[in-house]
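Close look at the chain arrangement
This is what each chain is made of:
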Amino acid sequence: MDKIVIVVQARMSSSRLPGKVMLPLLGETLLARMIERLQMIATPALIVIATSISKKDDIIEQEANRIGIPCYRGSSEDLLERHYMAAIRYGADVILKIPSDCPLIDPRIIDETLDFFFDNRGKYDYVSNLHPATWPDGNDVEIMTMPCLEKNWKLATKPLEFEHTTPYIWEHPDQFNIGNVKWASGLDFSMSHRFTIDYKADYDFIARIYEELYPINPRFSCEDILNLLNDKPEIYELNTAYAGVNWYRHHLNELHTISSDQTKIIA
């Protein structure tokens, strides 16, 4: 069987919310809660936390050790290289890229994307649920074969490709077979609902979701969150100002596969 490795990039130096992955969430760190979500997937996989060699990220390695998750430490600036080297270190055949700022990610969505990838075994080098995105922001799943990741690592040249690890793949459909999984509901909440963390308002939102849902069912779903937001719209309002805001906004002149309606500029 293919060895599946989930690589979670984590660092302390977030420019907008420093140390966000170590913020408390119901008695655990945000990073630990997110890893807990990843451990709920049905598909067997090894989870690896990838952080930098910077001393300020020592705490990330300590947290990984505390929760019993392997930790790879690599380049501080080249996240693509760090991702690739972590995949090599742990003998990956198939790699999942899951951002560390998605503590509300639904394990069912990960399994659905994996099922699509393996149901089409050999057809795709890379499968995601991002191009175009349809689920609420913060349910990001990217899957690639090891040859795909290696080719990406060898051919990438732009700073944004090193920082965000997979843009070279999206931008070169002539070199990779690319698949996308859309939300079966037919809805598109990618620009209206924000389940990721970059700002203090996002943390307030995520903390409320956990306080409301986790004690009832630790394996709460995306639909559970949406139902809660319908019942308590004041929670939705906590970070709605940032809905649709993502890193794409800084690179629209460089990305040919991303349009201006897939991001929002904030003042």
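Preceding block: the structure.
Now for a quick tour of the structure. (Residues numbered from 1 in each chain as written. Predicted model: local features only at pLDDT ≥ 70, side-chain atom pairs only at ≥ 80, totals over all residues. Heavy atoms only, no water.)

The next subject is the pattern of salt bridges. Overall, the coordinates contain 19 salt bridges when judged by the stated rule. Its salt-bridge partner being K154, residue E150 comes within 3.7 Å of it at the nearest N-O pair. Of this pair, E150 and K154 both sit in helix 5 (residues 146–155), four residues apart, which is roughly one turn of that helix. On the accessibility criterion, E150 (28% relative accessible area) is partly exposed. Among the salt bridges present, the one from R208 reaches E212, with a minimum N-O distance of 3.1 Å. Of the two residues, R208 and E212 both sit in helix 8 (residues 200–213), four residues apart, roughly one turn of that helix. Given a relative accessible area of 27%, R208 falls into the partly exposed group. (Salt bridge = Lys/Arg side-chain N within 4 Å of Asp/Glu carboxyl O. Helix = DSSP H or I, 4+ residues; strand = E, 2+ residues; numbered from the N terminus. Buried < 20%, exposed > 50% of the residue type's maximum accessible area, 1.4 Å probe, protein only.)

Across the sheet, which stays open at both edges, the seven strands sit in the order 5-4-1-6-8-7-9 with mixed pairing between neighbours. Looking at strand neighbours, the two that pair on one side only are strand 5 (71–74) and strand 9 (178–180), the edges of this open sheet. Pairs of neighbouring strands in the sheet enclose a mean axial angle of 25°, with direction left out of account. Strand direction decides the pairing type here: strand 7 (residues 126–128) and strand 9, joined by three bridges, are parallel. Bridged to S128 within strand 9 is N180. (Pairing = 2+ DSSP bridges. Axes fitted to C-alpha atoms, helices over the stretch in contact; angles between N-to-C directions.)

Before going further, it helps to examine the state of the cysteines. Scanning all chains against the criterion turns up zero disulfides. The thiol of C102 is not disulfide-bonded; the next cysteine sulfur, from C222, is found 12 Å away. The class of C102 is buried, set by a relative accessible area of 0%. Note on C148: no disulfide assigned, nearest cysteine sulfur contributed by C102 at a separation of 20 Å. (Disulfide = S-S within 2.5 Å.)

In this section: the side chain of T29. Checked against the element boundaries, T29 lands in strand 3 (residues 28–29). Not counting residues within four places of it along the chain, the set of residues in contact with T29 comprises V21, M22, L23 and E63. (Contact = heavy atoms within 4.5 Å.)

How two aromatic rings sit relative to each other is set out by the distance from centre to centre and by the angle between their planes. Inspection of every chain in the model, using the stated rule, returns 13 aromatic pairs. Arranged with centres 6.2 Å apart and planes meeting at 90°, the rings of Y168 and F176 form a pair that is edge-to-face. The pair Y168 / F176 is uniform in exposure class, with both members buried. Here F195 and F205 contribute two aromatic rings whose centre-to-centre distance is 5.8 Å and whose plane-to-plane angle is 25°, an arrangement assigned as stacked. In this pair, F195 is assigned in the loop between strand 9 and helix 8 and F205 in helix 8, connecting sequence segments ten residues apart. (Phe/Tyr/Trp six-rings, centres within 6.5 Å; stacked < 30°, edge-to-face > 60°.)

None of the figures reported here should be taken as evidence of function without further support.
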